[in-house]
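Structural features, examined
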Amino acid sequence: MRGNLYLIPTTLGDNEPLEVMPISVKSVVESLNHFIVENEKSARRFIKKITPSKSQPSLELKLIDKYVDAVEVNSYLDVCMEGQSIGLLSEAGVPAVADPGSDVVALAHKKGIRVIPLVGPSSILMAMMASGMNGQSFAFNGYLPIDKADRKREIKRLERLSKEHKQSQIFIETPYRNHKMLDDLKATLSSSTNLCIAADITMPNEYIKTYTVAEWKNQKPELHKIPAIFIIHAQS
């Protein structure tokens, strides 16, 4: 019998886990001793918060980030082949979406290991839900280019795609560059294009607003160093 790979959601900020996810997540975490994580310190903090009585010394944590060799990652699921289950933890939100954990999930499928996603907060989907834009057709584009000229070209390209396909376009930015992103969106997009900004989702200071670009020009939300999702939808 092979073990399972559980995709375990984490909180989007420093709130209580069971405020934003079902008790079943706690039960799964309690049952596991093997985890694949992005950051050991924050993973241990989350595990302790959701299951305070769980023994920390008994945990076996494997790191997955851009510095870990693919050959090493290939061995992470050996415990499943030996009959033990393992949990994949994202740094924030759900694993394998805008997250390096997708490589582990693909590997699990190749090895015939059952993949079990658990319910939890996804900033991308929650922003889309609250935006008022097209929930029937949308695309997540990750990070836009850092270079200002390249970023503006990409913004215009996404606006054209949105208009041609009636598709909402979602993207994110490094939190300390949020204000520059908003400035570029105001300067580049058509005044009639809708823009949603969703920041600090599930947190006490949650901010979710959708306006046209023309209306945003009179708005100055405080977004510095705050996790934010941007969504645009061009008028046909």
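Our structure's up above, just so we're on the same page.
Residues numbered from 1 in each chain as written. Predicted model: local features only at pLDDT ≥ 70, side-chain atom pairs only at ≥ 80, totals over all residues. Heavy atoms only, no water.

Here's the deal with the sheet that holds strand S5 (residues 115-117)
- The sheet built from five strands is open, its strands ordered S3-S2-S4-S1-S5 with parallel pairing. Edge positions in the sheet fall to strand S3 (60-63) and S5, since each of these pairs with one other strand and no more. The average angle at which neighbouring strand axes cross in this sheet is 25°, direction not considered.
- In this sheet, S3 lies alongside strand S2 (residues 34-37) in parallel orientation, the contact comprising four bridges. Looking across to S3, one finds that isoleucine 36 is bridged to lysine 62. (Pairing = 2+ DSSP bridges. Helix = DSSP H or I, 4+ residues; strand = E, 2+ residues; numbered from the N terminus. Axes fitted to C-alpha atoms, helices over the stretch in contact; angles between N-to-C directions.)

Some words on the sheet that holds strand S9 (residues 207-212)
- Across the sheet, five strands lie side by side as S6-S7-S10-S8-S9; this open sheet has mixed pairing. Bordering the open sheet on either side are strand S6 (138-143) and S9, each of which pairs with just one other strand. Here the average twist between neighbouring strands, direction ignored, is 15°.
- Pairing analysis gives four bridges linking S6 to strand S7 (residues 168-172), with the strands arranged parallel. The partner of phenylalanine 140 across the bridge, within S7, is isoleucine 170.
- In the packing of helix H8 (residues 148-165) onto the sheet, the strands contacted are S6, S7 and strand S10 (228-233), and the crossing angle to S10 comes to about 55°.
- Of the strands in this sheet, S7, strand S8 (194-199) and S10 touch helix H9 (residues 178-188), which is tilted by about 10° from S10. (Contact = heavy atoms within 4.5 Å.)

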